[in-house]
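A look at the structure
Residue strings, one per chain:
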Amino acid sequence: MNSYIIGVLLSMLVYLVVGVYVGRKVKNINDYYVSGRNATTIFISGTMFASMLSTNGFMGDTAYAYNGNITTLVLLNTICACGYIIGGLYFGRYIRRSKANTMPTYFWQRFNSTRIRKFAGIITVVSLSAYLLSVLQGTAILMVCMTGFSKETCLLLAWSCIVFFTLYSGSKGVLITDTIMCIFFLIATIVAGQYIFNASGGISNLITNLVNNPNTPDGLLSFHGNTNGKSIFDILFYGFTMGIIWMITVAVSPWQAGRNLMVKNEHIIFRAGTIGVLLSVFFLLYLYLMAISVIQINPNMQEPERVIIWAAFEVMPELIGVLLLTGIMAAGLSSASTFLSVVSFCTSSDILDVKFKKDSSKINFTRLIVFIVSLIALGLAYLDLSSIRIIAWFASTIIAASWGYVAFASVWSKKLTEKGAYYSMVGGFLIFFITKILKEMFNLPLDNIFDPFFLAIFGSATLGILGSYKERRTKTEVDFFNNLHKIPSSESIINEYKKDRIFGWTLILAGFVISSFLIKYWAIPYNEALGTSIFK
């Protein structure tokens, strides 16, 4: 038994022990679904970033950076990170006041509509099941590399770990294990990165070395990145488009914004969002720099999705490599547990909506749904349907296109009615689904402003407005809407706002730091290597 197998088994054992311990503290449905609504900043920020990054960030995105599109990813992540603040301030803190257990339940309460609740549940299940599938595949690929076991064995191991602590401990266990995993992979990656940078000639010389390296992908260090045969406008618009999609996803999706239903108070929403921004910008830039540093050591990899995995085996000491790969595996497990729990909770509570007299009966029923959903995901994972990155990003667009407009309008529009909201959700979903098929399967030129996402958003907003035309909101809708805008007395403590201000100033300072870093270590060396100057 090698050290990598030991690392996998020990980490799984830790997560299972935590799951058992936390599971014993689950007393009612609020504990199981929303962690008793007492989650603190570290747990919310930990679970949000861990589920956001996952194996997709460590494997899919690093491959994209390695192939020449690190600047595209920097643009995308910067726009995406805004969703943590925009979503928290203009959506997240309001849905917390609803005291709903799931996002579809919030929409049901807001519009007093069972059909909206069920359709929102279906959207959640479709999108996050795709995420769950991609994460299971990514985790299995990693475990195969680490252990030498067959893919089937690794899928079964990952599935067993995820199902056990998710099924038993619910959201309480998911929050704690996600945070443990997040801290672990952050530390492991930062330590491992130093070995990659040293092996490639040092971080301070990275840009100059890459400019002079004939194996460097075209456009890697330019503002637009590798165009892959397309125009500069196309690749920039792609980064901008996907950034907006992810920004909306972070702001309103059930696996990100839905975490706001669990917080102890509204101040935690902003603080956790601030940490999410910092991690999205700083940590992901660090990770992508690790990926492009490998070009100096091992250029033209046939499987760029394994760039970080290769570095863990070949560039750093075995112990550090074990820690890094175990950390990446933890990112995958944390995401899978989040997606599994959200999909199962929505299926049980919003789609099936079986009534029980006791909380214990509903918890047991939800646990059964968790098991069934996980079995379906395991079966689909064996089919190896598509690449990790494509599955995940296709799923994100479903959420953003379907209820992005409705989510914000549910808080800020006094004209949106039940009929308009339902038409908007269904229309956004169908428009995106149909146009995406036309683009991918029939090569219809739907690009840039005619991208399926933008068509769906425009259609969703239009149907929401038309569906609400000459319609009146019911008294129940009006009362619920008004209550959303009443600040609870518990949220008016002055000292809490003073703490929030510290986080706000931290964001501003971080902007100066990252800008200074990129100018000094990227823009200036890049232009000097090309024989030009940014000061002329």
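Residues numbered from 1 in each chain as written. Predicted model: local features only at pLDDT ≥ 70, side-chain atom pairs only at ≥ 80, totals over all residues. Heavy atoms only, no water.

A packed helix pair is summarised by two numbers, namely the angle formed by the two axes and the spacing between the axes. Closest axis-to-axis distance for the helix 9 (residues 266-297)/helix 17 (residues 494-530) pair is 9 Å, and the angle between their directions is 15 degrees. Of the possible angle classes, the one that applies to helix 9 and helix 17 is roughly parallel. Between helix 9 and helix 17 the crossing geometry is left-handed. Split by residue class, the contact of helix 9 with helix 17 holds 17 nonpolar, 4 polar and 4 charged. (Axes fitted to C-alpha atoms, helices over the stretch in contact; angles between N-to-C directions. Helix = DSSP H or I, 4+ residues; strand = E, 2+ residues; numbered from the N terminus. Parallel < 35°, antiparallel > 145°, perpendicular 65-115°, else oblique. Left-handed = near helix turned anticlockwise from the far one by under 90°. Nonpolar A, V, L, I, M, F, W, Y, C, P; charged D, E, K, R; others polar.)

Under the definition given, this model contains 13 salt bridges. A salt bridge links Asp-353 to Arg-117; the shortest N-O distance between them is 3.6 Å. In this pair, Asp-353 is assigned in the loop between helix 11 (318-352) and helix 12 (359-381) and Arg-117 in helix 5 (residues 114-147), connecting sequence segments 236 residues apart. Judged by relative accessible area, which is 23%, Asp-353 ranks as partly exposed. Residue Asp-479 is joined to Lys-475 by a salt bridge in which the shortest nitrogen-to-oxygen separation is 2.7 Å. Residue Asp-479 and its partner Lys-475 are both found in helix 16 (residues 475-484); the two are separated by 4 residues, about one turn of the helix. Taking relative accessible area as the criterion, Asp-479 reaches 32% and is therefore assigned partly exposed. Looking at Lys-475, the relative accessible area reads 63%, which means it is exposed. Within this structure, Arg-117, Asp-350, Asp-353 and Lys-355 form a network of salt bridges that share partners. (Salt bridge = Lys/Arg side-chain N within 4 Å of Asp/Glu carboxyl O. Buried < 20%, exposed > 50% of the residue type's maximum accessible area, 1.4 Å probe, protein only.)

With that out of the way, let us pick up the side chain of Ser-424. Topologically, Ser-424 is positioned in helix 14 (residues 418-442). Of the residues examined, Ser-424 reaches a relative accessible area of 0% and is grouped as buried. Apart from the residues within four sequence positions on either side, Ser-424 is in contact with Ser-402, Tyr-405, Val-406, Ser-460, Ala-461, Leu-463 and Gly-464. (Contact = heavy atoms within 4.5 Å.)

As a further point, take the packing of helix 6 (residues 151-199) against helix 12. Where helix 6 meets helix 12, the axes come as close as 10 Å, and the angle between the chain directions of the two elements is 165 degrees. On the basis of the axis angle, helix 6 is roughly antiparallel to helix 12. Of the two possible hands of crossing, helix 6 and helix 12 adopt the one that is right-handed. For the pair formed by helix 6 and helix 12, the contact residues are Lys-151, Leu-155, Leu-156, Trp-159, Val-163, Thr-166, Leu-167 and Tyr-168 on the first element and Arg-367, Val-370, Phe-371, Ser-374, Leu-375, Leu-378 and Ala-381 on the second. Tallied by class, the residues present in the contact of helix 6 with helix 12 amount to 11 nonpolar, 2 polar and 2 charged.

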